[in-house]
Amino acid sequence: MTSTRVRVRGHVQGVGYRWFTRDAAEAHHVSGWVRNRRDGTVEAELHGDSDDVEATLVEMRRGPVSARVDAVEVMSIDAPSPGAASGFEFRQTS
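Residues numbered from 1 in each chain as written. Predicted model: local features only at pLDDT ≥ 70, side-chain atom pairs only at ≥ 80, totals over all residues. Heavy atoms only, no water.

Q: Would you take a moment to explain the packing of aromatic side chains for this structure?
A: Note on aromatic pairs: each is described by the distance of the centres and the angle between the planes. The tally for this structure, following the rule as stated, stands at two aromatic pairs. Aromatic pair Tyr17 and Phe20: ring centres 6.2 Å apart, planes at 40 degrees, arrangement tilted. In this pair, Tyr17 and Phe20 are both assigned in helix 1 (residues 17-27), three residues apart and thus about one turn of the helix distant. The same class applies to Tyr17 as to Phe20, namely buried. (Phe/Tyr/Trp six-rings, centres within 6.5 Å; stacked < 30°, edge-to-face > 60°. Helix = DSSP H or I, 4+ residues; strand = E, 2+ residues; numbered from the N terminus. Buried < 20%, exposed > 50% of the residue type's maximum accessible area, 1.4 Å probe, protein only.)

Below is the structure:
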């Protein structure tokens, strides 16, 4: 099991990026969450098999057609954050 925290910079809010991320994660059987941040970035936490997490990250680097991804920062974390769901969920803006 791999756990990763991701921060995506660019034109990623208001373009369906969170929905795109959820769909990519679910397609690769990755659990976790995604949310907008007040600074204009999107943040996500991904949990699953390392190959599945990496496949999700590949898609996140591309993003939906209406987005522009400038940077994807990836940080390994030890374990899911408190309250992590078994599926993939949207979280409130932070």
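Q: When you look at the side chain of His28 in this model, what are you seeing that I'm missing?
A: Along the chain, His28 turns up in the loop between helix 1 and strand 2 (31-36). Note on His28: relative accessible area 18%, which makes it buried. For His28, the side chain forms a polar contact with the side chain of Glu59, separated by 2.7 Å. Ignoring any residue separated from it by four or fewer positions in sequence, one finds His28 in contact with Asp52, Ala55, Thr56 and Glu59. (Polar contact = N/O pair within 3.5 Å; in protein donor to acceptor, adjacent residues only side chain to side chain. Contact = heavy atoms within 4.5 Å.)

Q: What is the right way to read the pattern of salt bridges from this model?
A: Oppositely charged side chains may form a pair once their charged atoms are brought near each other. One pass over the full model with this rule turns up 10 salt bridges. The partner of Arg9 in a salt bridge is Glu73, with the nearest N and O atoms 2.7 Å apart. Residue Arg9 is found in strand 1 (residues 2-11), and its partner Glu73 is found in strand 4 (residues 68-76); the two are separated by 64 residues along the sequence. The class for Arg9 is partly exposed, based on a relative accessible area of 31%. The residue Glu43 makes a salt bridge to Arg35 at a minimum N-O spacing of 2.8 Å. (Salt bridge = Lys/Arg side-chain N within 4 Å of Asp/Glu carboxyl O.)

Q: How should I be thinking about the pairing of strand 1 in this particular structure?
A: Judged from the seven bridges that link them, strand 1 and strand 3 (residues 42-48) form a sheet pairing that is antiparallel. Across the sheet, residue Val8 finds its bridge partner in strand 3, namely Val42. Taken together, the eight bridges between strand 1 and strand 4 define a ladder with antiparallel strand orientation. Counted as the bridge partner of Arg5 is Met75 from strand 4. (Pairing = 2+ DSSP bridges.)

Q: For this particular structure, what's the right way to read unusual backbone geometry?
A: With glycine set apart, most residues show a phi of negative sign, and most peptide bonds adopt trans. Even without being a glycine, His29 presents a positive backbone phi close to 60 degrees. In this fold, His29 is placed in the loop between helix 1 and strand 2.

Q: Would you take a moment to explain helix 1 for this structure?
A: Regarding helix 1, the residues found buried are Tyr17, Phe20, Thr21, Arg22, Ala24 and Ala25. Looking one or two places after helix 1, you find His29, whose phi comes out positive at around 60 degrees.

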